[in-house]
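# Observations on chain architecture
Listed here are the chains, written in short residue letters.
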Amino acid sequence: MIAGINWPPPLEGARAAANEAYAEPLAWLASAHKEQLALCDSMEAIADSLPGEIDREICAYAARMLAPMLRHFHAGEERIVFDWVEQRFGDDPSARASLERLKFEHCEDECFAEELTEMLDRLGTADHTVNPETAGYMLRGFFTGLRRHVSFEQECLRGIVARQAHEPN
Ligand SMILES: [Fe+2]
C-alpha cells in the first residue's frame, strides 16, 4: 500500500536542523539518519507496490527528490559531523580510515541514487518498457544498502567517540 508514504521533509527541515545543531554533531547525525531511514521506508513502499499498485505521481516525485536529498544529507554529514570528528580525533588512524570508508559509501550511494532516479522517472511516466522485477531489484538494493550504511555509520562514529572518551589524555 503506497498511499501512506510519508516522505521526510526535504531540504528546509534538514537545513534548519543543521543550523541549530552545529554544537551537537551526533544529535544532528541522528536526525539526518532518521530522515534517511524514512526515505528507505518510502522506497520499500514503492518496491512493494510493484507492479499492480504503482502510484505514478509518487514515483515522479521520488525521481525529483531522491538524489538531491541524499546529496544534501551526505554533504551535511561530511561538513558537520566528519569535520568535527577529524578535528577532535584526527590523530586516530582508525578514525580517519573509518571516515574515508564512510565517504566512499556516500559516493557509491549517490551513484546508485542517480541510476534509480532514471528508473523512478520511467515509472513515473508510465514507461511500459520498465521491467518491474528489475525496478524492484534496484529499489531493494538501494534501500538495503542505505540502511546498512546508516547502521555502520552510527556504529563507527559512536565507537570513535566512546574509544576516545575512555582513553587517558
Ligand atoms: Fe552517511
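Attention here is on the structure that accompanies the text.

Calculation notes
Residues numbered from 1 in each chain as written. Predicted model: local features only at pLDDT ≥ 70, side-chain atom pairs only at ≥ 80, totals over all residues. Helix = DSSP H or I, 4+ residues; strand = E, 2+ residues; numbered from the N terminus. Contact = placed C-beta atoms within 7 Å. Expected span 1.5 Å × (residues − 1). Buried ≥ 20, exposed ≤ 12 C-beta atoms within 10 Å, placed from the backbone. Core = buried A, V, L, I, M, F, W, Y, C linked by C-beta atoms within 7 Å. Axes fitted to C-alpha atoms, helices over the stretch in contact; angles between N-to-C directions. Parallel < 35°, antiparallel > 145°, perpendicular 65-115°, else oblique. Nonpolar A, V, L, I, M, F, W, Y, C, P; charged D, E, K, R; others polar. Left-handed = near helix turned anticlockwise from the far one by under 90°.

This part takes up the overall build of the chain. Helix and strand content of the chain: 5 helices and 0 strands. Starting at the N terminus, the α and β elements of the chain follow one another as α-α-α-α-α. Taking as baseline every contact in the chain between residues at least 6 positions apart, the subset at least 24 positions apart corresponds to 80%.

The subject of this paragraph is helix H2 (residues 25-49). Counted at 1.5 Å a residue, the expected span for H2 with its 25 residues is 36 Å, and the 36 Å between its end C-alpha atoms agrees. Among all positions in H2, only Pro25, Trp28, Leu29, Ala32, Gln36, Leu39, Ser42, Met43, Ala45, Ile46 and Ser49 are buried.

With that settled, the discussion passes to the environment of threonine 144. Within the secondary structure, threonine 144 is located in helix H5 (residues 132-166). Separated by 100 residues in sequence, threonine 144 and glutamate 44 place their C-alpha atoms 9.1 Å apart.

Moving on, we come to helix H4 (residues 93-124). With 32 residues, H4 should reach 46 Å at 1.5 Å per residue; the first-to-last C-alpha distance of 46 Å fits that figure. Buried residues of H4: Ala95, Ser98, Leu99, Leu102, His106, Asp109, Ala113, Leu116, Met119, Leu120 and Leu123, and no others.

The next subject is the nonpolar core. Residues Ile46, Leu66, Leu116, Leu120, Leu139 and Phe142 are the most contacted members of the largest nonpolar core, which totals 31 residues. Mapped onto this core, the elements with two or more residues apiece are H2, helix H3 (56-89), H4 and H5. In terms of residues, this core owes the most to one element, H3, which gives 10 residues. Not counting residues within four places of it along the chain, the set of residues in contact with leucine 120 comprises Cys59, Ala62, Ala63 and Leu66.

Mapped onto the elements of the fold, arginine 64 is located in helix H3. Sequence separation between arginine 64 and aspartate 121 is 57 residues, and the spatial gap between their C-alpha atoms is 8.0 Å.

So, about unusual backbone geometry. Between leucine 50 and proline 51 the backbone carries a cis peptide bond, its omega angle lying at -5 degrees. Along the chain, proline 51 turns up in the loop between H2 and H3. Located in the positive-phi region is alanine 126, a residue other than glycine, with phi close to 55 degrees. Here alanine 126 is to be found in the loop between H4 and H5.

At a closest axis distance of 8 Å, the pairing of H3 and H4 adopts a crossing angle of 170 degrees. With respect to H4, the axis of H3 lies roughly antiparallel. Among the residues making up the contact of H3 with H4, the classes are represented as 16 nonpolar, 4 polar and 9 charged.

Turning to the packing of H2 against H3, a few remarks are in order. Between H2 and H3, whose axes approach to 10 Å, the crossing angle comes to 160 degrees. Viewed along their axes, H2 and H3 adopt a mutual orientation that is roughly antiparallel. In this structure, the crossing between H2 and H3 has a hand that is left-handed. Contacts between H2 and H3 pair Pro25, Trp28, Leu29, Ala32, Glu35, Gln36, Leu39, Ser42 and Ile46 from the former with Ile58, Cys59, Ala62, Met69, Phe73, Gly76, Glu77, Ile80, Val81 and Trp84 from the latter. Here the contact of H2 with H3 is built from residues that sort into 14 nonpolar, 3 polar and 2 charged.

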